[in-house]
Amino acid sequence: MNPQQRTIKARVYGLVQGVWFRDSTRRWAQSAGVTGYANNLPDGSVEVMASGTPAAIEAFIGWLHQGPPKARVERVVVETVADQVFEAFTVG
């Protein structure tokens, strides 16, 4: 694991689909230099993989707890995973 890089997998629960959560997350990630992806899941949650500096990832996790104005985040489950390389931040 690269000590200057941290990769997380997160599940975001609540009102997070149909409120521009994924696109807002992509824009936030791009501005912070975080790469990865955000995908809607069938249960109504959003799965996020993200890689960046430890400071950027901590700030990103804070963003996930808030989300865009129309979202209502109920909980975020985060786990650190092995470093992965992503070209950019994408939305699926």
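Look a little higher up for the structure.
Read on for an overview of the structure. Every chain is numbered on its own, with residues counted from 1 as its sequence reads. pLDDT decides what is reported in this predicted model: residues at 70 or higher carry local features, side-chain atom pairs at 80 or more are listed and counted, and totals for whole chains, interfaces and linings draw on all residues regardless. To get the side-chain values, all heavy atoms of the structure are used, and hydrogens and water are removed first.

### Description of helix H2 (residues 54-66)
Turning to step 1, where the next piece is worked out: Between the first and last C-alpha of H2 there are 19 Å, a value that for 13 residues agrees with the 18 Å anticipated at 1.5 Å per step.
Turning to step 2, where the next piece is worked out: We call two residues in contact whenever any of their non-hydrogen atoms come within 4.5 Å of each other. Each helix is a run of DSSP H or I of at least 4 residues and each strand a run of E of at least 2, with the numbering of both proceeding from the N terminus. Against strand S1 (6-15), helix H1 (21-32), strand S3 (46-52), strand S4 (72-81) and strand S5 (89-91) lie the buried residues of H2.
Turning to step 3, where the next piece is worked out: Phi turns positive, to about 70°, at Gly-67, one or two residues after H2. Here the expected length of a helix is defined as 1.5 Å per residue gap, with one fewer gap than residues.

### A word on the sheet that holds S4
Turning to step 1, where the next piece is worked out: Between any two strands, pairing holds if DSSP finds at least two bridges. Spatial strand order, S4-S1-S3-S2-S5: 5 strands in an open sheet with mixed pairing. Of all strands in the sheet, those bounded by a partner on one side alone are S4 and S5. Sheet twist, expressed as the average angle between the axes of neighbouring strands with direction ignored, equals 15°.
Turning to step 2, where the next piece is worked out: One ladder, built from 6 bridges, connects strand S2 (residues 35-40) with S3; its direction is antiparallel. Paired with Gly-36 across the bridge in S3 is Ala-50.
Turning to step 3, where the next piece is worked out: Where H1 meets the sheet, it contacts S1, S2, S3, S4 and S5, and its direction lies at approximately 170° from that of S5. Note on geometry: axes are C-alpha line fits, over the in-contact stretch for helices, and angles between N-to-C directions span 0 to 180 degrees.

### Re the packing of aromatic side chains
Turning to step 1, where the next piece is worked out: The pairing test for Phe, Tyr and Trp rings, Trp by its six-membered ring, is centres within 6.5 Å, and the orientation test on the planes gives stacked under 30 degrees, edge-to-face over 60, and tilted for anything in between. Scanning the model with the defined rule gives 4 aromatic pairs in all.
Turning to step 2, where the next piece is worked out: With a centroid separation of 5.8 Å and 45° between ring planes, the pair formed by Trp-28 and Phe-60 is classed as tilted. Here Phe-60 lies in helix H2 and Trp-28 lies in helix H1, a separation of 32 residues in the sequence.
Turning to step 3, where the next piece is worked out: Relative accessibility under 20% of the residue-type maximum defines a buried residue, over 50% an exposed one, and the middle range a partly exposed one, all with a 1.4 Å probe and only protein chains included. Residue classification places Phe-60 among the buried residues on the basis of a relative accessible area of 0%.
Turning to step 4, where the next piece is worked out: Between Tyr-37 and Phe-86 the ring centres are 6.1 Å apart and the planes differ by 75°, which places this aromatic pair in the edge-to-face class.

### Re the pattern of salt bridges
When their charged atoms lie close together, side chains carrying opposite charge are able to pair.
Turning to step 1, where the next piece is worked out: A pairing counts as a salt bridge when a side-chain nitrogen of Lys or Arg comes within 4 Å of a carboxyl oxygen of Asp or Glu. With the rule as written, the count across this model stands at 5 salt bridges.
Turning to step 2, where the next piece is worked out: When the shortest N-O distance is used, the salt bridge between Arg-11 and Asp-43 registers 2.6 Å. Of this pair, Arg-11 sits in strand S1 while Asp-43 sits in the loop between S2 and S3; the two residues are 32 residues apart in sequence, bridging distant segments of the chain.
Turning to step 3, where the next piece is worked out: Arg-11 gets classed as partly exposed once you look at its relative accessible area, which sits at 25%.
Turning to step 4, where the next piece is worked out: Each member of the salt-bridge network shares a partner with another, and the members are Asp-23, Arg-26 and Arg-27.

### Remarks on H1
Turning to step 1, where the next piece is worked out: For H1, with 12 residues, the first-to-last C-alpha span of 16 Å sits near the 16 Å given by 1.5 Å per residue.
Turning to step 2, where the next piece is worked out: In this structure, the buried residues of H1 make contact with S1, S3, H2, S4 and S5.
Turning to step 3, where the next piece is worked out: A positive backbone phi angle near 75° is found at Gly-33, which sits one or two residues after H1.

### A few points about the packing of H1 against H2
Turning to step 1, where the next piece is worked out: Packing of H1 against H2 leaves a shortest axis separation of 11 Å and a crossing angle of 160°. Judged on the interaxial angle alone, H2 and H1 are roughly antiparallel. The way H1 lies across H2 gives a crossing that is right-handed. Two secondary-structure elements touch here, H1 through Phe-21, Ser-24, Thr-25, Trp-28, Ala-29 and Ala-32 and H2 through Ala-56, Ala-59, Phe-60, Trp-63 and Leu-64. Every angle not falling under 35 degrees, over 145, or within 65 to 115 is termed oblique; those three ranges are roughly parallel, roughly antiparallel and roughly perpendicular. In this scheme the handedness of a crossing depends on how the near helix is turned from the far one: anticlockwise by less than a right angle means left-handed, clockwise means right-handed.

So, to be careful, I would describe these as geometric facts and stop short of saying anything about function.
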